[in-house]
Each structure stands twice: as structure tokens, then as C-alpha cells.
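Notes for the structure review
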Amino acid sequence: KMIDAMEHRGPDGEGVWSNEKSNIVFGHRRLAVIDLSDAAAQPMHYLNRYSIVYNGEIYNYAELKELLLQHGYSFKSKSDTEVILAAYDFWKADCLTHFEGMFAFAIWDEREQQLFAARDRFGEKPFYYYEDDKYLVFASEMKGLCSSGLKKDTEEKMLLNYLALGNVQSAADKKQTFFSNIYSLLPAHFFQYKPSAQKLVIKRYWHID
């Protein structure tokens, strides 16, 4: 249902994947731009360890790919998606400082049993997520989240702030939306999440000069 709700964001294909433990599930609607082959389909996997769903474009991916090749990495596609995976393996969270472009992505590390998600510096690509004491669910639009059956309870404080002040105020590391428990990952931020601990850690990776 979530993928069907997001069909307009990716008319060129779809994919669903879950790991053996079924504690992580990825779904993706594809808009093919750089590499039109099946090798660039998502969810994409790398080194039998990482899996990714990704929306956006890394403008300097060719330069990063050449650098990573020099460090022994290999690639099966011509996509920037695979470059993100290799860059994450090489630099971990610091890979974000090397990316020039617009992006929102989530990477699952099967070895560490950890989810890493990030949004570009100025928030050109959207990233919404829902969090409670059982689940963490994310999508490019709230429409995708709501299609998963999550309750859409109005966050009255945010509604009042908008009606009275004309904007939605939020905490330093979370941007509340008009719905309870649904947040927008802030620009230039990433989060790490381990299902076993059910603990979400949000960090900022860039400040404007």
C-alpha cells in the first residue's frame, strides 16, 4: 500500500526487500535517470552487507567513484546509488560531507543491525518518518506513511503555531509536522537507529558558513 501510494514519484519500476530477521523492510518506486539498466534497480545491495533506498542525485558521483576505485572498491552498475553504498562503507557517516547533490536515503547495515538515514544540506529531497515504541516507518511523502495504516492524529500545538504565527516551530533536532509522531528529518541531518534498542539518534553533519 505504501509503494502504491508513492507510484507518482517513481513510474519506472518498484522493488521490495526484507532481511532474514524481517526486522527491516525496504520498498522503492523507481525513477530511472542515470543508469536505466536493471543493475541500478532498488532496493540495491552491496558487499552482502548494505542495502539502500534512495531518492535524488549525487552530482559528483563520477569523481567519487574514481576515488573509491583507487581504494579497491568495484561496481556492477553505472548508478550513483552504488557509489553512495561504497562511500558509506569507506567513510561511514562522513560520506555525507563528500556528496554534492540533492538526496534522501536510508542504508541498512546487516552486520551492525543498524539503519542510517540522511537528508541533503538544504532539504531539497523530502524525508518523513513515524516513530513509536514499536516501529520506525519512513517515506518521501506523508501519503506513504498514512497508507501504512498509521493513525493520523492532529498535533494541535503545531496547528495553533501555524494559525497564530504563520510557521511551524520545532525542536533543535526534530521537525514536528501537523500529525503526532510524524516528523520531517531536518536538512543537513542524519539519524541512526537500531531496532533492537529502539533508540533513534539524530545528528547534524553540516552548518552553513
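Overview of the structure. Note that this is a predicted model, so its numbers are computed, not measured. (Residues numbered from 1 in each chain as written. Predicted model: local features only at pLDDT ≥ 70, side-chain atom pairs only at ≥ 80, totals over all residues. Heavy atoms only, no water.)

Here the focus is the sheet that holds strand E6 (residues 114-119). Strands sit in the order E3-E4-E5-E6-E11-E12 across an open sheet of six strands; the sheet is antiparallel. On the outer flanks of this sheet lie strand E3 (44-46) and strand E12 (199-204), each paired with one strand and no other. Ignoring strand direction, the axes of neighbouring strands in this sheet form an average angle of 20 degrees. Bridge count between E6 and strand E11 (residues 189-194): four bridges; the pairing is antiparallel. (Pairing = 2+ DSSP bridges. Helix = DSSP H or I, 4+ residues; strand = E, 2+ residues; numbered from the N terminus. Axes fitted to C-alpha atoms, helices over the stretch in contact; angles between N-to-C directions.)

The next thing to look at is helix H2 (residues 61-70). Because the α-helix completes a turn every 3.6 residues, residues three or four places apart line up on one side. Within the span of H2, buried status applies to Leu64, Lys65 and Leu68. Buried residues of H2, viewed axially, fall in a sector of 105 degrees; they line one side. Exposed and oriented more than 90 degrees from the buried face of H2 are Glu63 and Gln70. (Buried < 20%, exposed > 50% of the residue type's maximum accessible area, 1.4 Å probe, protein only. Arc of directions from axis to C-beta.)

What follows is about the environment of Ser79. On the secondary structure map, Ser79 appears in the loop between H2 and helix H3 (80-91). Placed 30 residues apart in sequence, Ser79 and Arg49 show a C-alpha to C-alpha distance of 18 Å. For Ser79, the contacting residues outside a window of four places in its chain are Asp35, Ala40, Met44 and Tyr61. A distance of 3.3 Å separates the side chain of Ser79 from the backbone nitrogen of Glu82, its partner in a polar contact. (Contact = heavy atoms within 4.5 Å. Polar contact = N/O pair within 3.5 Å; in protein donor to acceptor, adjacent residues only side chain to side chain.)

This paragraph deals with the packing of aromatic side chains. For the coordinates displayed, the defined rule picks out 18 aromatic pairs. On the basis of an interplanar angle of 80 degrees and a centroid distance of 6.1 Å, the ring pair of Phe26 and Phe138 is categorised as edge-to-face. Of this pair, Phe26 sits in strand E2 (residues 25-29) while Phe138 sits in strand E8 (residues 136-139), placing them 112 residues apart in sequence. No difference in accessibility class separates Phe26 from Phe138, as the two residues are buried. An aromatic cluster of at least three residues, connected via ring pairs, comprises Trp17, Phe26, Phe127, Tyr129, Phe138, Tyr183 and Phe191. (Phe/Tyr/Trp six-rings, centres within 6.5 Å; stacked < 30°, edge-to-face > 60°.)

Strand direction decides the pairing type here: strand E1 (residues 14-18) and E2, joined by five bridges, are antiparallel. Each residue of the ladder has a partner; that of Gly15, found in E2, is His28. The turn linking E1 back onto E2 is made up of six residues, and Ser22 within it adopts a positive phi angle of 60 degrees.

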